[in-house]
Amino acid sequence: MAPIQRRGTLVVWKDDRGFGFIEPDDNSGRAFLHISAVCSPQRRPQEGDIILYQLSTDQDGKLRALNAAIAGLSVPDTPSKPIQQPNRTGSTRAASTTRLPLWLEVTLLSALPLIGSVHFLGTMANPMPLMLYGVMSLITLIAYSEDKSRAEAHRWRISEKNLHLLELTGGWIGGFIAQRQIRHKNRKTTYQVVFWAIVLLHLTFWVIWLANVGDFRDALMESRP
């Protein structure tokens, strides 16, 4: 039996985040629509569009639209390229290809903390900085991924304060990887300001440590009983 095609109006559309909600004509329940489910390549959806779609239910019982098309626009017989998400200036993500490779960005950003942490281990016989960066980065990467999944499923989100706390305690490298890899929290200006302030704080600490390691070591030795 072929899936039932439904019809509804797109009453909410957040273009910068690529999702919205359809109010169905048959009152079957408001359905979540993600940009990846839209088949028509001519243009991006807009509030007020009439959407033709199939309905499914995710693991949380939420209604989701699949194989959606904007009424009045033709759908090609051959698969089309996914519709690209715009950035804040209205250009597409294709512009991101001008970035450095992710591995190189991560290497450049983490070089100073890594050198400082290894030096801290050798000087103070304390592996804590190295452990924190590794463990907290992994936890932060997982938290970013979970928060994005919750956002797409329209569920309760992880607070930005908690994400920043994870970054502050050493997880900012994982946060940076998540922003580049899964493209989460990478376009919100207020979030980015706090994130890069945390990164600068860590880098500044290691610059000060490496420049004054002798003074720090003497002070710590004198403070011991």
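Residues numbered from 1 in each chain as written. Predicted model: local features only at pLDDT ≥ 70, side-chain atom pairs only at ≥ 80, totals over all residues. Heavy atoms only, no water.

Asks: Which residues make up the overall build of the protein, and what values do they have?
Replies: Each helix and strand in the protein was counted, giving five helices and five strands. Taken from N to C terminus, the helices and strands of the protein fall in the order β-β-β-β-β-α-α-α-α-α. Out of the 225 residues in the protein, the part that is buried amounts to 33%. Within the protein, contacts between residues at least 6 apart in sequence are counted, and of these 62% link residues at least 24 apart. Split by element, the accessible area of the protein, about 13,300 Å² in all, is 61% carbon and sulfur. (Helix = DSSP H or I, 4+ residues; strand = E, 2+ residues; numbered from the N terminus. Buried < 20%, exposed > 50% of the residue type's maximum accessible area, 1.4 Å probe, protein only. Contact = heavy atoms within 4.5 Å. Areas by Shrake-Rupley, 256 points an atom, 1.4 Å probe, with all protein chains shown as cover.)

Asks: I'd like a rundown of the nonpolar core, residues and numbers included.
Replies: Core analysis: the biggest nonpolar cluster contains 22 residues, and Y144, L163, W172, F195 and W209 have the highest contact counts within it. Of all elements in the fold, only α1 (102-124), α2 (128-152), α3 (160-181) and α4 (189-211) reach the threshold of two or more residues within this core. The contact partners of Y144, leaving out residues within four places of it in the chain, are L163, E167, G175, A178, Q179, I182, H184, K185, Y191 and F195. One finds L10, A37, V38 and A68 within the second-largest nonpolar core, a separate group that totals 13 residues. (Core = buried A, V, L, I, M, F, W, Y, C linked by side-chain atoms within 4.5 Å.)

Asks: Just give me the short version of the pattern of salt bridges, but keep the residues and values in it.
Replies: Summed over all chains, the structure comprises 10 salt bridges. Among the ionic pairs, K185 bridges to E160, the shortest N-O distance being 3.0 Å. Taken together, the residues K185 in the loop between α3 and α4 and E160 in helix α3 connect sequence positions 25 residues apart. Residue E160 is classed as partly exposed on the basis of its relative accessible area of 25%. A single salt-bridge network, built from bridges that share partners, covers E160, K185 and K188. (Salt bridge = Lys/Arg side-chain N within 4 Å of Asp/Glu carboxyl O.)

Asks: Now, about α2: what can you tell me, with residues and values included?
Replies: When the terminal C-alpha atoms of α2 are compared, their 36 Å separation across 25 residues agrees well with the 36 Å that a helix rising 1.5 Å per residue should span. Buried residues along α2 sit against α1, α3 and α4. Where α2 ends, the next residue or the one after it, H154, has phi of about 60°, a positive value. (Expected span 1.5 Å × (residues − 1).)

Asks: Tell me about unusual backbone geometry, and name the residues and values.
Replies: Despite not being glycine, A125 shows a phi value in the positive range, around 55°. Within the fold, A125 resides in the loop between α1 and α2. At R183, a position not held by glycine, the phi torsion is positive, near 55°. Among the secondary structure elements, R183 is positioned in the loop between α3 and α4.

Asks: So, a nonpolar patch on the surface: which residues are in play, and what are the values?
Replies: A grouping of L114, V118, L121 and L130 is seen on the molecular surface, where their side chains present a nonpolar patch of about 310 Å² in accessible area. Sorting elements by how many residues they give to the nonpolar patch places α1 first, with three residues. The exposure class assigned to L121 is partly exposed, which follows from its relative accessible area of 34%. (Patch = residues over 30% accessible without salt bridge, like charges linked within 9 Å, V, L, I, M, F, W, Y side chains within 5 Å.)

Asks: Let's hear about the packing of α3 against α4: which residues, and what values?
Replies: Across the interface, α3 lies against α4 with an axial gap of 10 Å and an inter-helix angle of 90°. It follows from the interaxial angle that α3 and α4 lie roughly perpendicular. Mapping the contact onto sequence places E160, L163, H164, E167, L168, G170, W172, G175, F176, Q179 and R180 in α3 and Y191, Q192, V194, F195, W196, I198, V199, L201 and H202 in α4. By residue class, the composition of the contact of α3 with α4 is 11 nonpolar, six polar and three charged. (Axes fitted to C-alpha atoms, helices over the stretch in contact; angles between N-to-C directions. Parallel < 35°, antiparallel > 145°, perpendicular 65-115°, else oblique. Nonpolar A, V, L, I, M, F, W, Y, C, P; charged D, E, K, R; others polar.)

Asks: So what's going on with the pairing of strand β2 (residues 19-24)? Residues and values would help.
Replies: With five of six residues buried, β2 is to be regarded as a mostly interior element. Where strand β1 (residues 5-14) meets β2, six bridges bridge the pair, whose relative direction is antiparallel. Paired with V12 across the strands is F21, a residue of β2. In this antiparallel pair of consecutive strands, β1 and β2, the connection spans four residues, and G18 shows a positive phi of 75°. (Pairing = 2+ DSSP bridges.)

Asks: So, α3: which residues are in play, and what are the values?
Replies: The end-to-end C-alpha distance of α3, which contains 22 residues, comes to just 19 Å, noticeably less than the 32 Å that a straight helix rising 1.5 Å per residue would cover. Of all the bends in α3, the largest measures some 120° and sits at G171. (Bend = angle between axes of the 7 residues up to and from the residue.)

Asks: Describe the environment of A65, naming the residues involved and giving the relevant values.
Replies: Mapped onto the elements, A65 comes out in strand β5 (residues 63-70). Taking the relative accessible area as the measure of exposure, A65 reaches 4% and is therefore buried. In the structure, A65 is positioned 34 residues away from A31 in sequence and 5.9 Å away in space, judged by C-alpha atoms. Aside from chain neighbours lying at most four places away, what touches A65 is I22, A31, F32, L33, A37, Y53 and Q54.

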